[in-house]
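Residue-level structure breakdown
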Amino acid sequence: MNYYEFFSDRNEVLKEIEMLKTDDYFEEDFHLLADEDSDPDEMQWIKYTDINFHPYYEQAEGIKSIFTANEPAGNYIYDIGLKEDTAEEYLNRIKDGEFLLFYNDEAKFTREQDAGETPDSEIY
C-alpha cells in the first residue's frame, strides 16, 4: 500500500519518520519531496540520513537537476503512479513549501518475509 503525507515543516516530518521507524520502517523506505531552494539551510539535515530525497526544481532550474543524486521531485512524482492532476496538485504544494513524505509497505513486507515472519496480510 502507498502512503502520501504532507507536512508544513521539517520537525513534523522528522517526528512522523521517527514514529514510523518504531513500526519497523527503515529510513531508506521513505521518499521526501521538498523544495530544497526555499530554505537550503533547513534541508541540510537530509544529508545525514538514509531518506531518499527528491528535490523540487522550477522548470528554469532543470539543468541543476542533472547534478542531483536522486531523481527530481517533478519526475519522481509521476513514477509513483499518481494521476496527472493529483501529481500537479502535489507539485504545487511542494513548490509552496510543504514536504511530501511517500512510503509503501513493500520493503517492510520483504524484510519480514526474509526474517521468517508471517506478515499480517490485512496490513499488506
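Preceding block: the structure.
Residues numbered from 1 in each chain as written. Predicted model: local features only at pLDDT ≥ 70, side-chain atom pairs only at ≥ 80, totals over all residues. Heavy atoms only, no water.

1. Description of a negative patch on the surface
- There is a patch of like negative charges on the surface, built from Glu 84, Asp 85, Glu 88 and Glu 89.
- One can find Glu 89 in helix H3 (residues 84–95). (Patch = residues over 30% accessible without salt bridge, like charges linked within 9 Å, V, L, I, M, F, W, Y side chains within 5 Å. Areas by Shrake-Rupley, 256 points an atom, 1.4 Å probe, with all protein chains shown as cover. Salt bridge = Lys/Arg side-chain N within 4 Å of Asp/Glu carboxyl O. Lys, Arg positive; Asp, Glu negative; His and termini not counted. Charge placed at Lys NZ, Arg CZ, Asp CG, Glu CD. Helix = DSSP H or I, 4+ residues; strand = E, 2+ residues; numbered from the N terminus.)

2. Topic: the sheet that holds strand S3 (residues 52–55)
- Strand order in the open sheet made by the four strands is S1-S4-S2-S3, with mixed pairing throughout. At either margin of the open sheet sits one strand with a lone partner, and together these are strand S1 (2–7) and S3. Between one strand and the next, the sheet's axes are offset by a mean angle of 20°, whatever the strand orientation.
- Of the strand pairs in this sheet, strand S2 (residues 31–34) and strand S4 (residues 99–104) are connected by three bridges, and their pairing is antiparallel. What sits directly across from Leu 33, in S4, is Leu 100.
- Packing of H3 onto the sheet brings it into contact with S1, S2 and S4, and relative to S1 it is tilted by some 35°. (Pairing = 2+ DSSP bridges. Axes fitted to C-alpha atoms, helices over the stretch in contact; angles between N-to-C directions. Contact = heavy atoms within 4.5 Å.)

3. Here's the deal with the environment of Leu 33
- Within the element layout of this structure, Leu 33 appears in strand S2.
- Note on Leu 33: relative accessible area 0%, which makes it buried.
- For the pair Leu 33 and His 54, spaced 21 residues apart in the sequence, the C-alpha separation amounts to 4.8 Å.
- Discounting residues that sit within four places of it in the chain, Leu 33 has contacts with His 54, Ala 73, Tyr 76, Ile 77, Ile 94, Glu 98, Phe 99 and Leu 100. (Buried < 20%, exposed > 50% of the residue type's maximum accessible area, 1.4 Å probe, protein only.)

Coordinates in, geometry out; function isn't part of it.
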